[in-house]
Amino acid sequence: MSEYARRPTAIGIAVVANLLIALAFLTIPLLGLVYGDDVQTAAEQEVVAQGLPVSVLADNDLSFRESGVAIVFPVVIALGIALLGWWLRTGRPAARIVSLIVMPVVILGNVAILMSNASAVSALQTMFDRSNDADLRRLDAQALFDAALGAYPDWLPVLTAIRNTLVFGCAVLVIVLLLAPSARAYFRSAKQPATTPA
């Protein structure tokens, strides 16, 4: 049977922080699955309101529904971070090292997501302007984006703020906790399972 050093409070908090980050990442695919059809309908209605055929989006393989990688990727990240939290509980030194590498990556990844969201409209408009489809070139990306965003519930900005706060705050918290003296001592002193000779 494995014996481990008494787990300090810092590690317990780090584990909970990992779970909160995982839950924050799960909000992305959940919103996409619940509101995807409404968002697509709103975008199509905006296309018609701009005097263009509703088929212009489908004809150019454009969809405002979250699907495929947009759904799977955040779920995979969430599961990975949750498993990393579980691994921390074991006191394995490798878990601490991996966490100290992964958490900065999570922070930088979330910064990249925010930057991508901030430039989404201009990127979409640039794509429209460079299209060979005359109808697509006539589309107003800002109006289309606003219509699609309007299909989400009014509390979306609050949820987004909470999500970003959890991701940034908990990732920084995990780093700080794992660098604390009590955590370093725990990972140094935790006994590893004895290996059984083959």
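What counts and what doesn't
- Residues numbered from 1 in each chain as written.
- Predicted model: local features only at pLDDT ≥ 70, side-chain atom pairs only at ≥ 80, totals over all residues.
- Heavy atoms only, no water.
- Helix = DSSP H or I, 4+ residues; strand = E, 2+ residues; numbered from the N terminus.
- Rg over C-alpha atoms; globule rule 2.2 N^0.38 Å.
- Contact = heavy atoms within 4.5 Å.
- Areas by Shrake-Rupley, 256 points an atom, 1.4 Å probe, with all protein chains shown as cover.
- Lys, Arg positive; Asp, Glu negative; His and termini not counted.
- Charge placed at Lys NZ, Arg CZ, Asp CG, Glu CD.
- Phe/Tyr/Trp six-rings, centres within 6.5 Å; stacked < 30°, edge-to-face > 60°.
- Buried < 20%, exposed > 50% of the residue type's maximum accessible area, 1.4 Å probe, protein only.
- Expected span 1.5 Å × (residues − 1).
- Patch = residues over 30% accessible without salt bridge, like charges linked within 9 Å, V, L, I, M, F, W, Y side chains within 5 Å.
- Salt bridge = Lys/Arg side-chain N within 4 Å of Asp/Glu carboxyl O.
- Core = buried A, V, L, I, M, F, W, Y, C linked by side-chain atoms within 4.5 Å.

Could you give an account of the overall build of the chain, naming the residues involved and the relevant values?
Looking only at helices and strands, the chain has 9 helices and 0 strands in total. Ordered by position from N to C terminus, the α and β elements of the chain give α-α-α-α-α-α-α-α-α. Since a compact globule built from 198 residues should have a radius of gyration of about 16 Å, the 22 Å found for the chain marks it as more spread out than a globular shape. With the principal axes as the frame, the chain shows a C-alpha extent of 70 × 40 × 30 Å. Across the chain, every contact between residues at least 6 apart in sequence was considered, and the portion connecting residues at least 24 apart equals 80%. Of the roughly 11300 Å² of accessible surface on the chain, 66% is carried by carbon and sulfur atoms. Once the 13 positive and 14 negative side-chain charges of the chain are each reduced to a mean point, those two points are 28 Å apart.

Any details on the packing of aromatic side chains? Residues and values, ideally.
Under the criterion given, the structure shown has 3 aromatic pairs. Taken together, a centroid distance of 6.5 Å and an interplanar angle of 70° make the contact between Tyr-35 and Trp-155 edge-to-face. Taken together, the residues Tyr-35 in helix α1 (residues 9-49) and Trp-155 in the loop between α7 (141-149) and α8 (156-179) connect sequence positions 120 residues apart. A ring pair is formed by Tyr-186 and Phe-187, whose centres lie 5.3 Å apart and whose planes are at 70°; its orientation type is edge-to-face. By relative accessible area, which is 5% here, Phe-187 ends up buried. Taken together through their ring pairs, the aromatic side chains of Tyr-35, Tyr-152 and Trp-155 make up a single cluster.

Now, about α8: what can you tell me, with residues and values included?
Here α8 contains 24 residues, and its C-alpha end-to-end distance of 34 Å stays within 8% of the 34 Å for a straight helix at 1.5 Å per residue. Along α8, the residues classified as buried are Leu-156, Arg-163, Asn-164, Val-167, Cys-170, Ala-171, Val-174, Ile-175, Leu-177 and Leu-178. Elements in contact with the buried residues of α8: α1, α3 (69-89), α4 (93-118), α7 and α9 (181-189).

With reference to specific residues and values, describe a nonpolar patch on the surface.
Taken together, the side chains of Val-16, Leu-20 and Leu-23 present a nonpolar region at the surface, about 250 Å² in accessible area. Tracing the backbone shows Val-16 in helix α1.

Explain unusual backbone geometry residue by residue, including any values.
Within the chain, Asp-61 stands out as a residue other than glycine whose phi angle is a positive 55°. For Asp-61, the location among the structural elements is in the loop between α2 (56-59) and α3.

Give a detailed account of α3, specifying residues and quantitative values.
In an α-helix, one full turn covers 3.6 residues, which means residues spaced three or four apart are oriented alike. Counted at 1.5 Å a residue, the expected span for α3 with its 21 residues is 30 Å, and the 30 Å between its end C-alpha atoms agrees. Of the surrounding secondary structure, the elements contacted by the buried residues of α3 are α1, α4, α8 and α9. Gly-91 sits one or two positions beyond α3 and adopts a positive phi of about 80°.

Go over the side chain of Arg-163 with me, naming the residues and quoting the values.
Take Arg-163: it is sitting in helix α8. Beyond its immediate sequence surroundings of up to four residues, Arg-163 is in contact with Ala-24, Phe-25, Thr-27, Ile-28, Asn-110 and Ile-113.

Run through the environment of Cys-170, naming residues and quoting values.
When you line up the elements, Cys-170 lands in helix α8. In the structure, Cys-170 is positioned 156 residues away from Ala-14 in sequence and 8.1 Å away in space, judged by C-alpha atoms. Once you skip the residues sitting within four places of it in the chain, Cys-170 turns out to touch Ala-17, Leu-20, Ile-21 and Thr-165.

Residue-level account of the nonpolar core, with values.
Across soluble globular proteins, you tend to see nonpolar side chains buried next to one another. Core analysis: the largest hydrophobic core is formed by 27 residues, its most contacted members being Ile-11, Ile-21, Phe-25, Leu-88, Met-103 and Val-106. For this core, the elements supplying multiple residues, two or more each, are α1, α3, α4, α8 and α9. By residue number, the principal contributor to this core is α1, which donates 9 residues. Discounting chain neighbours no more than four positions away, the residues touching Val-106 are Ile-21, Phe-25, Ile-81, Val-167 and Ala-171. Grouped together as the second largest cluster of nonpolar side chains are 20 residues, Leu-57, Leu-62, Phe-64 and Phe-128 included.

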